[in-house]
Structures are given as structure tokens and as C-alpha cells.
Amino acid sequence: MGRMQRTILIVDDDPHIRQLLVFALAKAGLETREAADGEAALAAVAERAPDLVVLDINMPRLDGLEVCRRLRAQGDLPILFLSSRDDEIDRVLGIELGADDYVVKPFSPREVVARVQAILRRTGAKAGEVTGLDGTISRGRLSLDPEAWSARWSGAEVSLTVTEFTILRTLATTPTKVFSRDAIIDRLRGPGFAVTDRTIDSHVRNLRGKFAGVGGHDVIETRAGIGYRLGACVGAQA
């Protein structure tokens, strides 16, 4: 039996944009579903969860930011934001809510397809489509299982988005190395993608917040003017 086709939910109130993306993603071999507003998107996910959601920010009834909040409260379904706001604050806010990437309108359909495929490659292990990764990585109280895409602190699982896990795994595989933001971007998506340093900073801030909530205040170190590296991962001392 062949590999199951991946499904993308396209959420946008503009039917022309939905049609454009349906055509481009179908050419790339991806199945698509559509929703015209945020409420319809939540209903579609509840009916049959897709592999990824392409989510417009500006929509009637329920905007994309609120949809993202509700989806993130339920799990780590990958989300790619579409935004007509050419404003970095809005983009960073989207990332802080847990989106895996964003594209600003007007966009090239090929760029959206490339971003979608990059996220799906990183989520392949969850669907059993990527094998051959190294075993569990441990440092102090931190434990990562790349094959299961699972992160634990003192044995308790910490829920991470795909992008957050990928950043943490990058740091953990070479714990003594300081990674520049550009190096992290290359690990996430490959060279040539226009992702800002602030995007990486937002993901790192999310990671720190999640681990701080379980006592892991020293998971990631900042080296001023250089970048990030894995911390000692020993937690708060008595």
C-alpha cells in the first residue's frame, strides 16, 4: 500500500485565494479541504484533522489568531499563517501563538507550497514517514526522542510545536555549539528562506516559557551577539 496522501486545510474568506492554493497544492500531490471562515475551520478540524492548516489572519466571525489559539489549546497541529498585514508585530504575534511559519500577501503560490512541504517534512516522523533518526538525546533533566518527536523534563512530557522541537533538537545534538539565528533558520527550512531573526527569537521565547513552567529555567542559553546554545538543563536548585 502506498503512503497516505497528506491533507491541507485552507482557511481564507477569499474564494480566489482558496482556489489558487487548491490548484498549487494539488499539483504538488497534496489533498486539500477548504473553509471560508474561522468557525468553519474549527468544525473542519473537529470532523477530520488535517496534516496542516493554511490559516488567514483577517477573517470575519472568528479571525485566524483566535483560531490558532483554540487549535493550540487542543494540540500541535502545524499552522502556516497568511497575512495581508505587512507588519512584523503581527507576524511575531502569530509565531508566539504557536504558528510554524507565515507568508505575507501578496504571495507566490510556489512559495506557499515550499513552506508547506518544509513543515510536512519536519512532521513526517509523526506520521511514521521519516525513519533513521538517532535515539534519545539527554542532558540533565531534558530528554528528547526524535523518532517520537517527544520532549520531556524530569520524565514529564512538554508539549512543543514541530518548529519548537526542531530548534531544541538542533541545539541538543551539539550541546557545546553556539548556533547563530541564521544557522537555526537553515536547519529549519534550508538556506534561502526569508525568515527574520525575530521569528527565531519568538520560538525560543516560547520554548523557554514552556520549560520554565515545569521548572526548566536553564534549557536555552543566549550568547550575546552570537546566538543560542543548549543550557545546563538542571533546573532550579534547592
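Below, the structure is looked at part by part. (Residues numbered from 1 in each chain as written. Predicted model: local features only at pLDDT ≥ 70, side-chain atom pairs only at ≥ 80, totals over all residues. Heavy atoms only, no water.)

**Description of the pattern of salt bridges**
So, step 1. Evaluation of the coordinates by the stated rule reveals 16 salt bridges.
So, step 2. Ionic pairing is found between Asp 12 and Lys 105, a salt bridge with its closest N-O pair at 3.0 Å. A residue pair is termed long-range when its members are at least 10 positions apart, and Asp 12 in the loop between β1 (7-11) and α1 (15-27) and Lys 105 in the loop between β5 (101-104) and α5 (109-123) qualify at 93 residues. Accessibility assignment for this pair places Asp 12 and Lys 105 in one class, buried.
So, step 3. A salt bridge links Arg 70 to Glu 66; its shortest N-O distance comes to 3.0 Å. Here Glu 66 and Arg 70 lie together in helix α3 (residues 64-74), a separation of 4 residues that amounts to about one turn.
So, step 4. For Arg 70, a relative accessible area of 37% translates into the label partly exposed.
So, step 5. Beyond isolated ion pairs, a larger network of salt bridges with shared partners links Asp 12, Asp 56 and Lys 105. (Salt bridge = Lys/Arg side-chain N within 4 Å of Asp/Glu carboxyl O. Helix = DSSP H or I, 4+ residues; strand = E, 2+ residues; numbered from the N terminus. Buried < 20%, exposed > 50% of the residue type's maximum accessible area, 1.4 Å probe, protein only.)

**Description of the packing of aromatic side chains**
So, step 1. Evaluation of the coordinates by the stated rule reveals 2 aromatic pairs.
So, step 2. Between Trp 149 and Phe 165, the aromatic rings sit 5.2 Å apart at their centres with planes inclined by 35°, giving tilted as the arrangement. Residue Trp 149 is found in the loop between β7 (142-145) and β8 (150-153), and its partner Phe 165 is found in helix α6 (residues 162-173); the two are separated by 16 residues along the sequence.
So, step 3. Residue classification places Trp 149 among the buried residues on the basis of a relative accessible area of 11%.
So, step 4. On the numbers, 6.1 Å between centres and 70° between planes, the contact of Trp 153 with Phe 211 is edge-to-face. One end of the pair, Trp 153, is in strand β8; the other, Phe 211, is in helix α8 (residues 197-212), with 58 residues separating them in the sequence.
So, step 5. Judged by its relative accessible area of 0%, Phe 211 is buried.
So, step 6. One residue, Arg 169, lies across the ring of Trp 149, its end atom 5.2 Å from the ring centre. (Phe/Tyr/Trp six-rings, centres within 6.5 Å; stacked < 30°, edge-to-face > 60°. Lys NZ or Arg CZ within 6 Å of the ring centre and 35° of its normal.)

**Digging into the packing of α6 against α8**
So, step 1. Orientation of α6 relative to α8, taken along the N-to-C sense of each, is 90°, at an axis distance of 10 Å. The orientation of α6 relative to α8 falls into the category roughly perpendicular. Contact residues: α6 offers Thr 163, Glu 164, Ile 167 and Leu 168, while α8 offers His 203, Asn 206, Leu 207, Lys 210 and Phe 211.
So, step 2. The residue inventory of the contact of α6 with α8, partitioned by class, reads 4 nonpolar, 3 polar and 2 charged. (Axes fitted to C-alpha atoms, helices over the stretch in contact; angles between N-to-C directions. Parallel < 35°, antiparallel > 145°, perpendicular 65-115°, else oblique. Contact = heavy atoms within 4.5 Å. Nonpolar A, V, L, I, M, F, W, Y, C, P; charged D, E, K, R; others polar.)

**Some details on the pairing of β7**
So, step 1. Residue alternation in β7 divides its side chains into a buried set, Leu 142 and Leu 144, and an unburied set, Ser 143 and Asp 145.
So, step 2. Of the strand pairs in this sheet, strand β6 (residues 137-139) and β7 are connected by 3 bridges, and their pairing is antiparallel. Note on β7: the bridge partner recorded for Arg 139 is Leu 142.
So, step 3. What sits between the antiparallel neighbours β6 and β7 is a turn of 2 residues, in which Gly 140 has the positive phi angle 55°.
So, step 4. For β7 and β8, the ladder comprises 4 bridges, and the chain directions are antiparallel. Bridge pairing in β8 places Leu 144 opposite Ala 151. (Pairing = 2+ DSSP bridges.)

**Description of the packing of helix α2 (residues 38-47) against α3**
So, step 1. Look at α2 against α3: their axes get within 9 Å of each other, and the N-to-C directions meet at 20°. One element, α2, and the other, α3, form an angle in the roughly parallel class. As for how α2 packs across α3, the hand of that crossing is right-handed. When α2 is examined against α3, the residues Gly 38, Leu 42 and Val 45 are found in contact with a partner set consisting of Val 67, Arg 70 and Leu 71.
So, step 2. Considering only residue class, the contact of α2 with α3 consists of 4 nonpolar, 1 polar and 1 charged. (Left-handed = near helix turned anticlockwise from the far one by under 90°.)

**Observations regarding the pairing of strand β3 (residues 52-56)**
So, step 1. Within β3, 5 of the 5 residues are buried, which leaves the element mostly enclosed by the surrounding structure.
So, step 2. When β1 meets β3, the two strands line up parallel, connected through 4 bridges. Opposite Ile 10, over in β3, you have Val 54 as the bridge partner.
So, step 3. By the bridge criterion, 4 bridges tie β3 to strand β4 (residues 79-83) in an arrangement that is parallel. The residue of β4 that forms the bridge with Asp 56 is Leu 82.
So, step 4. Each parallel crossover has a hand, and for β3 linked through α3 to β4 it is right-handed. (Right-handed = clockwise from strand over helix to strand, strands pointing away.)

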